[in-house]
Amino acid sequence: MAGAVGNSLLHRIISAVPARAIHGPSAGEHSGGYKLWKNLSFFVALPAVGLCMVHAYLKHQEEHHHERPEFIPYEHLRIRNKRFPWGDGNHSLFHNPHVNALPDGYEE
């Protein structure tokens with residue numbers, strides 16, 4: 001009984017929606033929309049990505065001129081309760097000897 005009432009209600013709702021809303025716009029009305037997005041991609045998005053790349057490169061070059069901070073052996077940093085399972089067990093997985101210090105100082 002509930003199934004018949006639900007089906008008739010669903011049929012009324014679907015028949016009330018115009019066929020055009022279900023099938024979408026025809027090709028003649030919005031056929032130029034892709035040109036807008038194509039032009040935006042080439043003339044806005046790609047130059048914006050290029051500017052971001054130049055900015056990141058310049059900031060990276062700026063950071064190369066900074067001196068490495070002095071090593072201070074704080075007790076709460078670089079605690080090694082057990083060895084790492086790779087390498088010698090003292091270096092982290094993505095260890096960078098120019099930036100990351102070991103528990104006893106920077107590598108020289």
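Details of the structure are given in the entry above.
Residues numbered from 1 in each chain as written. Predicted model: local features only at pLDDT ≥ 70, side-chain atom pairs only at ≥ 80, totals over all residues. Heavy atoms only, no water.

Some details on the overall build of the protein
Okay, so step 1: In terms of regular secondary structure, the protein is built from three helices and zero strands.
Okay, so step 2: Traced from its N-terminal end to its C-terminal end, the protein shows the element sequence α-α-α.
Okay, so step 3: Within the protein, residue pairs in contact and separated by at least 24 positions form 38% of the contacts whose partners lie at least 6 positions apart.
Okay, so step 4: Total accessible area computed for the protein in this model is approximately 10000 Å², and 64% of it derives from carbon and sulfur atoms. (Helix = DSSP H or I, 4+ residues; strand = E, 2+ residues; numbered from the N terminus. Contact = heavy atoms within 4.5 Å. Areas by Shrake-Rupley, 256 points an atom, 1.4 Å probe, with all protein chains shown as cover.)

Considerations on the side chain of His95
Okay, so step 1: Residue placement: His95 occurs in the segment after α3 (33–63).
Okay, so step 2: Only 2.6 Å separates the side chain of His95 from the side chain of Glu107, close enough to count as a polar contact.
Okay, so step 3: Contacts of His95, omitting those with residues within four sequence positions, involve Asn100, Leu102 and Glu107. (Polar contact = N/O pair within 3.5 Å; in protein donor to acceptor, adjacent residues only side chain to side chain.)

A short note on the side chain of His91
Okay, so step 1: Positionally, His91 belongs in the segment after α3.
Okay, so step 2: A polar atom in the side chain of His91 sits 2.9 Å from the side chain of Asp88.
Okay, so step 3: Ignoring sequence-local partners within four residues, the contact set of His91 consists of Phe84, Trp86, Leu102 and Glu107.

A word on the pattern of salt bridges
Okay, so step 1: One pass over the full model with this rule turns up one salt bridge.
Okay, so step 2: For Glu62, the salt bridge identified is with Lys59, shortest N-O distance 3.8 Å. Of the two residues, Glu62 and Lys59 both sit in helix α3, three residues apart, roughly one turn of that helix.
Okay, so step 3: For Lys59, a relative accessible area of 40% translates into the label partly exposed. (Salt bridge = Lys/Arg side-chain N within 4 Å of Asp/Glu carboxyl O. Buried < 20%, exposed > 50% of the residue type's maximum accessible area, 1.4 Å probe, protein only.)

Things to note about the packing of aromatic side chains
Okay, so step 1: Applying the stated criterion to the full structure yields two aromatic pairs.
Okay, so step 2: Judged by centre distance (5.2 Å) and plane angle (15 degrees), the rings of Phe84 and Trp86 are stacked.
Okay, so step 3: Phe84 gets classed as partly exposed once you look at its relative accessible area, which sits at 27%.
Okay, so step 4: In this structure, Arg68 packs its charged tip against the face of Tyr106, placed 4.1 Å from the ring centre. (Phe/Tyr/Trp six-rings, centres within 6.5 Å; stacked < 30°, edge-to-face > 60°. Lys NZ or Arg CZ within 6 Å of the ring centre and 35° of its normal.)

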